[in-house]
Each structure stands twice: as C-alpha cells, then as structure tokens.
Amino acid sequence: MRKFKTESKKLLDLMINSIYTNREIFLRELISNASDAVDKLYFKSLTDDAVVIDRSELAIEVSFDKEARTITVSDNGIGMTADELEKFLGTIAHSGSEQFKGDPEVAASTEADIIGQFGVGFYSSFMVAKSVRVVSRAYGADEAGCWSSNGIEGYTISPAERATHGTDVIMTLKDSTEEEDYDAYLSEWGLKDLIRRYSNYVRYPIKMTVTKRRPVPKPEDAGEDYVQQYEDYTDVETVNSMVPIWKRRKSDVTQEDYDEFYKSDFHDFTEPARTISVHAEGALSYDALLFIPKRPPFDLYSRDYEKGLALYSSNVLIMNKCAELLPDHYMFVRGVVDSSDLTLNISRETLQHNSQLRAIANKVEKKITAELEKMRDNDREDYEAFFEHFGRALKFGIYTSYGAKADELSGLLMFYSAVQKRMVTLAEYVEAMPEGQSAIYYACGESLAHLDKLPMVRAARAKGFDVLLCTEDVDEFCFQALGRFDDREIANVAGADLDLATDEEKAAAEEARKANEGMFEKMRGMLGESVSKVVVSTRLTDVPAALTTAGPISLEMEKLLSRMPDGQGAKSERVLELNAGHRVFEVLKAVHDAGDDKKLRLYTDLLYNQALLIEGMPIEDPMAFAGQISELM
C-alpha cells in the first residue's frame, strides 16, 4: 500500500468531514469528473487527426448493486494511465481538469466545457463510501490500471482489466446508521433524483438501466374474465435533459415550453405571468431564465420563505436558492442563472468572491424592472393583478432601503384614487392634479370605505384634490421613505401642518383662535397628555372635531407599531382640531363663557373620543365614554 503523506491525510480528512455540507453531492462531483473526461477526449478528437470518435456514443453511465452495496459511475472518456492514477488521485488537490484548461488552445476554444478546477471533488465519494476503486484505461493504451483506497491510510495501484478506454468509479457504501441512511442511494429513484437535481444539464447523456412495466399480450385462449397481466423489464434510459432550456435560443423555444419548465421545476400549477430570457456575453457571460409568477406562494411574506434563483455553473447546480441574486423587493421572482465565469469555492457550494455575483444580480434586477414597466404600460389588467399580489414587496423595497430604491421602484407603485375610483400610478396621479395643487396627498387606514369618509379626506376632496387611499400596513412607511415624487412632496392629509386653506380661511381661523384662546388652553389641560394642543381647524366642513398629528408618527403608524413587541412606546403627537363653523363650537363657547367646567370637560372628552372612533383608534376607557353618553342623554 502506498501511504498518503501526512499533509495529504489531513487534507483528505478535511475533505471528507468539513468541506462539503451536503453528502448527496458526491454523485454530482463524480458525474462532473466523468463529463470532464469525456470532454477531454472529444476536444482531443478535434485537434488530433489520429483520435477518431463518434460523439453520439460519448456518455456517462450510473449503476448500482444493492446486494454488494456498490454504486458505479462509468464514462467512455479519455481515461488515465497508471502514472496518471498516481498523479491525479494519489495527490490530493491536483486537478487534471485545471491543468487541461490551462492549455492555451483549450482556453481559446468554446468546445471544451470543463467543470472541475480544484482536484478534490473525487474525494467527496468517501463521505458515503467505505472504500473506492477506480478502474481506468487511457485512450490508445492497451492496459488498464486500478486505484483503490479506504480513504484512511493510503491507496494501492495495480493492473486491471477494462475492455475500452474510460473510467469506472466503484464505491462500496458505508453501512446505514440511525443518523445516516446510505441505503437511500441504492435505488433507481434515489440515484435518478440526485442526477436530475444536480446534474440534469450535464452536456453528455447520463444513462441508467431502469426497471419498467408493460402489459403482457393477451393469450389467444383467454376467457372473457381475463384480467390484464403486466411484467417488469429493464431498459437503458437517458435520465438527464442535457441541453438546459435557458441556453436555447428564444426562437427555438415556445412559451408553452417555458411554461412547462416553470410549472415542473418550480412546482406551480399556473403558468407564469411573465417570462424573461437573458443571454449575456462579454466580460461576464451568463444565461438567465426568470419567471414572474401569477400568484404568490402561501408563505411569501413569512419568515420561513427563502428567496433566490437556482445558480448553475457550466450546467451543474451549485446552489438551489442563491439569495444574493435577487433583491428583497423581487423575492417573488423564480428562475435560473448559469455562468461558467463565477469563482466558486472549493466545495462548489458557495462562491469565493461576490463581485461577479453582484454584477449579475444588478443586471438581473434591471431586467426584472424593465419587464414590470413593460407590463404596466402595455398590459394594465395583468399589471394590476400582479401588483395586488406582489406590490407589498415593492413598497418594502423602498422602505427598507430608506428611499435608495425610490428611482427604480416608485414608478411601479399603485394606489387607489379617491377621485378616479381605480388604482393609479404616482405618475398618473400627478398628471391628473389640478392647477394649484403642489403636493401628492394620501390617507392610511384599514378599508377604502372607511378612508373615503374620513373628515380630512373629504376636506381635501372639497378643495378639488385627489387623495390616495392606502390600506396596507407598509404604505405610510413607504411614503415617508419616498418623501417626494416628480419633485412634489408626498403628504398625509391627516398631518397637522398640512396647509390647504385660503388666505381668508386662515384669517378667520386666526380670529377664532384669538377670541377663544382661553377655552382652547383649558380643553388641552383637561385632555392632559392625550393631545399636544387644541386648535381651530381650517379644513373641517361637516364634523365638529377631528384628530391630526404633528411629527413623524401618524395615528395609523401608532396603531401598527403598538402591535409590535417593541413598539408599545411609540405614540403620535395628537392635535385636536375644532370646527369653528359647527354648532357644537357655539355650545362649547357658551359652556366656557358660563364657567361650567364640569360640562366643558364632558364635552371635551366626548369630542376627543368621537374623533378617536372616526380614526379607528381605541378609546382608553369605553365604560367612561358610555357613561358620558348616558349623562348627556
């Protein structure tokens, strides 16, 4: 037995126990090695006239023997001599594929699609195998060699028999334990599942002998009560797709093909709303196939939802969901990105450097944005259906980026127009603004019907201004992060500092304030810390009083924050606005002038609680409020 060097033993132990986090990728690594071996032979046939092969016969074969507990991966590629077995398998992290790719002629060619680069993938077999034999015969050689090891002390190299060129990797699996079920790999279904998940798009056919079932011909003498009989038989089947749909030219693929791929690979029962195919070449080459779903998965906005695109390198799956490829506001997008230019880490499960990935992610994000803009402009009905399901994510994108994504996402937002009675974009709102309106107005609440009746909404509409009615909890946070659109301020109609009044209305309010300053101060004192001040309103029309807020926290935000574990201390700065033109105001003045502080307190509390109810806010003491109503009656 030839001993592994001390350094190699340590590296091998690291390989088996630390580098890979998922044992089942062993088959991906061995199939990738087999594909490289076949690719090397094919490339050699293109550059050496003495090498004559039929490319249609190049293939990889996977088989298993349940009794012997073995899995075999075979190829009819370039093979290895005994010296190469020693060189490439006896020395850990010596990559023959990397050496091959270093050849200038290979590097300049598009025909060689070499996957390997570190020389360690083969040793992942020891994660599941207690021993591994490699029987290989180099192309043009008369003899074969065998490399054998248990992955612990060392290895042996001995003569062997193999009818043709190529390599067989024979793994004897470990015994199953309570923690690890190695028997799961010793089945047709188990191996086919691994191949289709990780190696489905390897460019050469991966063949397996599979068991099938067929009906037995009906005997000529069978009676009327004959029951159809079936028999099992075996057949060699290609189990991988080879050419991925995302690498085909658009002209060669129908939308039905894309739809079937989407439904099959992403487990959706409906077709996607939009399909985006990208083929980029240049400093960073990649292929991408993206899908915008029609409906969200049930867990889209839950903590358990995982965003990300499937990441492939040279048609081999690297990560099932690469989160770095999608920004959070496009977390609903599904699809695939494939690039051979990515710098992978040694396990091929993650990436060494993120600069390439970020560059692809930026381009993917722009493609998605452009497709959504196209849908918005050309297929309004489809876009409104999309926004109903996924608009929340776009709003969160603006809020969580503190407005940094405003330029990209604000044009995609839609809100319900109180005047037009339909969903409108911010650009459409601005286009319909009357002369003299300087800001974009909105109101937030739990339902459109409730919002449409709010005093401040009616006051804005009485001035001829439209109001965007917002019913999602993220809306106000989104607007605050957005701040402005088309160089116009975005303002909450319930803000205390909102100025909609004419000069005459302001003068009348100021006169009423001066004449009743003492009453306002007394009412504010009666309400204590519930309000910061009591003022004359310049906008109320048919209600005696309403609540507005000063500062960044509105009443709606206060409601939302109070539901959060750490938001109990978030309070809005409330302002009680009184309508000086309402009959109730005259009653307040009369009570105050008569010095009846008890009745003034009763009326003040009633007006404040009434304003809370209108805004959908809870009353601090419902029993006291009911008592006050009874006393008034």
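Up top is the structure.
A short tour of the structure in this document, coming up.

## So, the side chain of R334
Relative to the helices and strands, R334 resides in strand β14 (residues 334–338). A polar contact is formed between the side chain of R334 and the backbone oxygen of F266, at a distance of 3.3 Å. R334 has contacts with Y262, F266, D268, L289, L290, F291, P293, P297 and L309, leaving out every residue within four places of it along the chain.

## A closer look at helix α14 (residues 475–482)
Counting buried positions over the eight residues of α14 gives six, a clear majority of the element. Taken together, the buried positions of α14 are D475, E476, F477, C478, F479 and L482.

## A short note on the pairing of strand β23 (residues 573–578)
The element β23 is extensively covered by neighbouring structure, given that five of its six residues are classed as buried. Where strand β21 (residues 533–536) lies against β23, four bridges are found, and the strand directions are parallel. In the strand pairing of β23, K533 is matched with V575.

## A look at the environment of A59
Assignment of secondary structure puts A59 in the loop between α2 (26–47) and β2 (60–65). You can call A59 buried: its relative accessible area is 11%. Separated by 146 residues in the primary sequence, A59 and P205 have C-alpha atoms spaced 5.1 Å apart. Contacts of A59, omitting those with residues within four sequence positions, involve V38, S74, D75, N76, P205 and K207.

## Quick look at the sheet that holds strand β13 (residues 316–322)
The strand order β10-β11-β14-β12-β13 describes an open sheet built from five strands, whose pairing is mixed. The open sheet has two edge strands with one neighbour each: β10 (274–280) and β13. The mean angle between the axes of side-by-side strands here comes to 15°, regardless of whether they run parallel or antiparallel. In terms of strand pairing, strand β11 (residues 286–292) meets β14 through five bridges, oriented antiparallel. Considered in β14, the bridge of D287 is made with D338.

## Quick word on the sheet that holds strand β22 (residues 545–550)
Overall, mixed pairing links the three strands, which are arranged β21-β23-β22 in an open sheet. Looking at the sheet topology across the chains shown, the edges are occupied by β21 and β22. Each neighbouring strand pair of the sheet contributes to a mean axis angle of 35°, computed without reference to strand direction. The strands touched by helix α16 (residues 517–527) are β21 and β23; relative to β21, the strand with the most contacts, the crossing angle is about 145°.

## Let's talk about the pattern of salt bridges
Tallied over the full model, the rule gives 48 salt bridges. Among the ionic pairs, D328 bridges to K307, the shortest N-O distance being 2.9 Å. Taken together, the positions of D328 in the loop between β13 and β14 and K307 in the loop between β11 and β12 (309–313) put the pair 21 residues apart, joining distant regions of the chain. Under the relative-accessibility criterion, D328 is labelled exposed at 53%.

The rules behind the values
Residues numbered from 1 in each chain as written. Predicted model: local features only at pLDDT ≥ 70, side-chain atom pairs only at ≥ 80, totals over all residues. Heavy atoms only, no water. Helix = DSSP H or I, 4+ residues; strand = E, 2+ residues; numbered from the N terminus. Polar contact = N/O pair within 3.5 Å; in protein donor to acceptor, adjacent residues only side chain to side chain. Contact = heavy atoms within 4.5 Å. Buried < 20%, exposed > 50% of the residue type's maximum accessible area, 1.4 Å probe, protein only. Pairing = 2+ DSSP bridges. Axes fitted to C-alpha atoms, helices over the stretch in contact; angles between N-to-C directions. Salt bridge = Lys/Arg side-chain N within 4 Å of Asp/Glu carboxyl O.

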